[in-house]
Amino acid sequence: MRFPIFPLPGAILFPGLQLPLHIFEPRYRDLVGSALAKDRLIGMIQPLQSKDGAPLYDIGCLGRIGDVEALEDGRYNIVLDGETRFRLVRELDVRTSFRQIEAEIIDDAEDEVLSSVERAGFEFEARRFADMQGYSVDWDSVERLDDETLINGVAQIAPFDAASKQALLEAPNLAQRCELMIQLMQFFALRDDGDEIVTLQ
């Protein structure tokens, strides 16, 4: 499968979730315009370095443009709906201003669920992490979320570094993503000399 990509450092999209984006660079305006004229598909994938033309990670997430606001000056506000993970096969030699790739779609199992022990362990660690960070969370709403929405949702918005978020995206199934999330929250909670929060770099 071939599609254009938006290689944005630190931006991770998970299947079943949404990612709002403000598009202002000319090449990415071209990308959005092209996608809107075709199938509305854009691949979100992280570059290995924050520089133009940098090599890419192997795994990304294919998104479909849902909401779109075209501004008078050519910029866009869009919301990408995460559809499925993909594995990079190769980057294509193209004449467009934006990059394009050939990729294989990853067939993730549908409606994955956690065991009650896994879910309880995750919620316990998430509450502790949220308290430590000073986040205000509606836990009643959280408890009503299905497992996949909960795990992927926290993975997408958590304040981890780009490499950690990439590792979460690459986790082969929901249970392993849940376990990695717990490890990251515990690691992130470690303090250096009592006051500095440690982050994975």
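Residues numbered from 1 in each chain as written. Predicted model: local features only at pLDDT ≥ 70, side-chain atom pairs only at ≥ 80, totals over all residues. Heavy atoms only, no water.

Now for the pattern of salt bridges. As enumerated under the stated definition, the model contains 11 salt bridges in all. Among the salt bridges present, the one from Arg119 reaches Glu123, with a minimum N-O distance of 2.7 Å. Residue Arg119 and its partner Glu123 are both found in helix H2 (residues 116–133); the two are separated by 4 residues, about one turn of the helix. Looking at Arg119, the relative accessible area reads 12%, which means it is buried. Linking Arg119 and Asp147 is a salt bridge whose minimum nitrogen-to-oxygen distance equals 2.7 Å. Highlighted residues: Arg119 in helix H2 and Asp147 in helix H4 (residues 147–157), separated in sequence by 28 residues. (Salt bridge = Lys/Arg side-chain N within 4 Å of Asp/Glu carboxyl O. Helix = DSSP H or I, 4+ residues; strand = E, 2+ residues; numbered from the N terminus. Buried < 20%, exposed > 50% of the residue type's maximum accessible area, 1.4 Å probe, protein only.)

Before going further, it helps to spend a moment on the confidence of the model for the chain. When pLDDT is averaged along the chain, the result is 90, and 95% of the positions lie at 70 or above. Of the regions scoring below 50 in pLDDT, residues 191–201 engages in 19 contacts with residues more than four places distant in sequence or in other chains. (pLDDT = per-residue confidence, 0-100. Contact = heavy atoms within 4.5 Å.)

Take unusual backbone geometry next. Although it is not a glycine, Arg40 adopts a positive phi angle of roughly 70°. Positive phi, close to 55°, is recorded for Asp111, a residue that is not glycine. Mapped onto the elements, Asp111 comes out in the loop between strand E6 (100–105) and H2. Residue Asp111 is classed as exposed on the basis of its relative accessible area of 66%.

Turning our attention to the packing of aromatic side chains. Taken as a whole and judged by the stated rule, the model has 5 aromatic pairs. Between Phe3 and Phe86 the ring centres are 4.9 Å apart and the planes differ by 70°, which places this aromatic pair in the edge-to-face class. Within this pair, whereas Phe3 is found in strand E1 (residues 2–6), its partner Phe86 is found in strand E5 (residues 76–91), the two being separated by 83 residues in sequence. Each member of the pair, Phe3 together with Phe86, is buried. Linked through ring pairs, Phe129, Phe160 and Phe188 together constitute an aromatic cluster. (Phe/Tyr/Trp six-rings, centres within 6.5 Å; stacked < 30°, edge-to-face > 60°.)

It is worth spelling out empty space enclosed by the protein at this point. Counting across every chain of the model gives 1 cavity of 30 Å³ or more. Here the largest cavity defines a volume of roughly 30 Å³. If you go around the largest cavity, the residues you meet are Ala11, Ile12, Leu13, Met44, Ile45, Gln46, Ile59, Cys61, Gln166 and Leu169. Broken down by secondary-structure element, the contributors of at least two residues to the lining of the largest cavity are strand E4 (59–70) and helix H5 (162–170). Taken together, the residues that form the lining of the largest cavity break down as 8 nonpolar, 2 polar and no charged. (1 Å grid on protein atoms, 1.4 Å probe; cavity = no way out; pocket = protein on both sides within 12 Å on 5 of 7 lines; lining within 4 Å. Points joined across faces, edges and corners; volume = space filled by probe spheres on them. Nonpolar A, V, L, I, M, F, W, Y, C, P; charged D, E, K, R; others polar.)

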